[in-house]
2 protein chains.
Amino acid sequence: MKKKKTKQETRKTNTQNWLTPAQMSACTGVSIDTLRYYEKEGLVQPIARAANGHRRYSKADVLWIEVLRCLRDTGMTIEQLRHYCLLGEQGETTEPERLALLQAHRQKVLDSIAKQQEAIKLIDHKMTYYTRTSHSVPPNATKK
Amino acid sequence: MKKKKTKQETRKTNTQNWLTPAQMSACTGVSIDTLRYYEKEGLVQPIARAANGHRRYSKADVLWIEVLRCLRDTGMTIEQLRHYCLLGEQGETTEPERLALLQAHRQKVLDSIAKQQEAIKLIDHKMTYYTRTSHSVPPNATKK
DNA sequence: GCTTGACCTGAAGCGCACTCCAGATTGTAG
DNA sequence: CTACAATCTGGAGTGCGCTTCAGGTCAAGC
């Protein structure tokens, strides 16, 4: 199975259950450098290696990276993510803390959404100055 | 009116229609340093000055800073804000561009909200692992 | 007259999250 | 055999948005 189609197998057709760094990057949208950075920072457990030392990402890694990105994109810091990961590694006794951490973050995201919805209102309001037929309002708007 | 109660007038009771930097900061929640920084970066027109060179913020300035903060807090960069301000200073011929700018930003905020709502879903999903009676799921969750 | 406190200025520094670099290794292709 | 592409490593560099600093002015209080 492994020695029959050397070329296609190891290079092209990735029927494998692992991904190269490049594939991982393409698949998750996270740059190779950032993937390494996350690993170095303890945001992912050490990735499996091939004989030559190259990383071999598993499908589980893909999922985890996606979770990571989701949390990062919503403002969780590297520091907090590291903490969350660490808890995960320490077993299920830390579950309450992990739950609390997620709940806190969830709330932060909700707050952020609320704030942005407020902003939308203000933007809409300001846009009326420009869409209205009358442009009687001076440059820096709210003035006067 | 101005010479009768020198002490109270100039120092304590601010029945004035201007604010000192400290008051401005307290009022808008933006630090004095940041206010100066915004001015230097061209995000606000030069602030009026007292005889001694100290800034005197007007109530219009308060409103403008609030708009600024709203846009900043929703991810508009200093660069973009500067551009927006510049347009404002160039008169009403730039109104279409300012409108477009706001519309683009509005869309970005909407996208961001959508993304965060997605994140909430994922967080909720992950939280069920911890709230459920069974904790059959290993630390880094999605694995296996 | 001296001190204090609020403010001024230009410039340097900081924290975060990447991002890039130099130099080395390794496996396949021509 | 040589060339090339993908990857490796530790460490330095980058960009953004402030924040801090050093040194100075000025008005009021003791």
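Residues numbered from 1 in each chain as written. Chains lettered and ligands numbered in written order. Predicted model: local features only at pLDDT ≥ 70, side-chain atom pairs only at ≥ 80, totals over all residues. Heavy atoms only, no water.

**Description of the protein's contact with DNA strand D**
With respect to spatial proximity, 16 residues lie near DNA strand D, and among them A:Arg55, B:Asp33, B:Thr34, B:Tyr38 and B:Arg72 are the closest. The share of sugar and phosphate among atoms of DNA strand D within 4 Å of the protein is 82%. Between B:Thr34 and DNA strand D, the recorded distance is 3.0 Å, taken from a side-chain N or O atom to a phosphate oxygen. Within the contact set of DNA strand D, a phosphate oxygen lies 2.8 Å away from a side-chain nitrogen or oxygen of B:Arg72. (Near = heavy atom within 4 Å. Polar contact = N/O pair within 3.5 Å; in protein donor to acceptor, adjacent residues only side chain to side chain.)

**A look at the pattern of salt bridges**
One pass over the full model with this rule turns up 18 salt bridges over all chains. Between A:Asp33 and A:Arg36 there is a salt bridge; the shortest N-O distance is 3.0 Å. Of this pair, A:Asp33 and A:Arg36 both sit in helix H3 (residues 32-40), three residues apart, roughly one helical turn. Residue classification places A:Arg36 among the partly exposed positions, given a relative accessible area of 39%. Here B:Glu39 ties to B:Arg49 by a salt bridge, and the two come within 3.9 Å at their closest N and O atoms. A residue pair is termed long-range when its members are at least 10 positions apart, and B:Glu39 in helix H3 (residues 32-40) and B:Arg49 in strand S2 (residues 48-49) qualify at 10 residues. Classification of B:Glu39 by relative accessible area gives buried; the value is 13%. Each of A:Glu39, A:Arg49 and A:Arg55 takes part in a single network of salt bridges with overlapping partners. (Salt bridge = Lys/Arg side-chain N within 4 Å of Asp/Glu carboxyl O. Helix = DSSP H or I, 4+ residues; strand = E, 2+ residues; numbered from the N terminus. Buried < 20%, exposed > 50% of the residue type's maximum accessible area, 1.4 Å probe, protein only.)

**Some words on the sheet that holds strand S3 (residues 55-58) of chain B**
Residues and elements named next belong to chain B. The antiparallel open sheet is built from three strands, whose spatial order is S1-S3-S2. Each edge of the sheet is formed by a strand with only one pairing partner; in this case those strands are strand S1 (18-19) and S2. By the bridge criterion, two bridges tie S1 to S3 in an arrangement that is antiparallel. Bridge pairing links Trp18 to Ser58 in S3. Contacts from helix H4 (residues 59-73) reach S1 and S3 within the one sheet, and its direction differs from that of S3 by about 75 degrees. (Pairing = 2+ DSSP bridges. Contact = heavy atoms within 4.5 Å. Axes fitted to C-alpha atoms, helices over the stretch in contact; angles between N-to-C directions.)

**Considering the interface of chain B and chain A**
Residue-level contacts link 45 residues of chain B with 45 residues of chain A. In total, about 4400 Å² of surface goes out of reach between chain B and chain A, with carbon and sulfur atoms giving 66% of it. Along the contact surface separating chain B from chain A lie four salt bridges. Across the pair A:Asp73 and B:Lys115 runs a salt bridge, and its minimum N-O distance is 3.6 Å. Looking at the side of chain B that touches chain A residue by residue, the class counts come to 21 nonpolar, 12 polar and 12 charged. (Buried area = accessible area lost by both parts, 1.4 Å probe. Nonpolar A, V, L, I, M, F, W, Y, C, P; charged D, E, K, R; others polar.)

**Focus on the relation of the copies chain B and chain A**
Aligned on chain A, chain B shows an RMSD of 0.0 Å; the corresponding rotation is 180 degrees and the shift along the axis is 0.0 Å. Such a combination of rotation and displacement between the chain copies is what one expects of a two-fold axis. For chain B, the smallest separation between a C-alpha atom and the rotation axis is recorded for B:Ile113, amounting to 2.9 Å. Interface overlap between copies is the fraction of interface residues in one copy that are interface residues in the other; for chain B against chain A it reaches 98%, indicating a shared surface. (Least-squares fit on C-alpha atoms with pLDDT ≥ 70 in both.)

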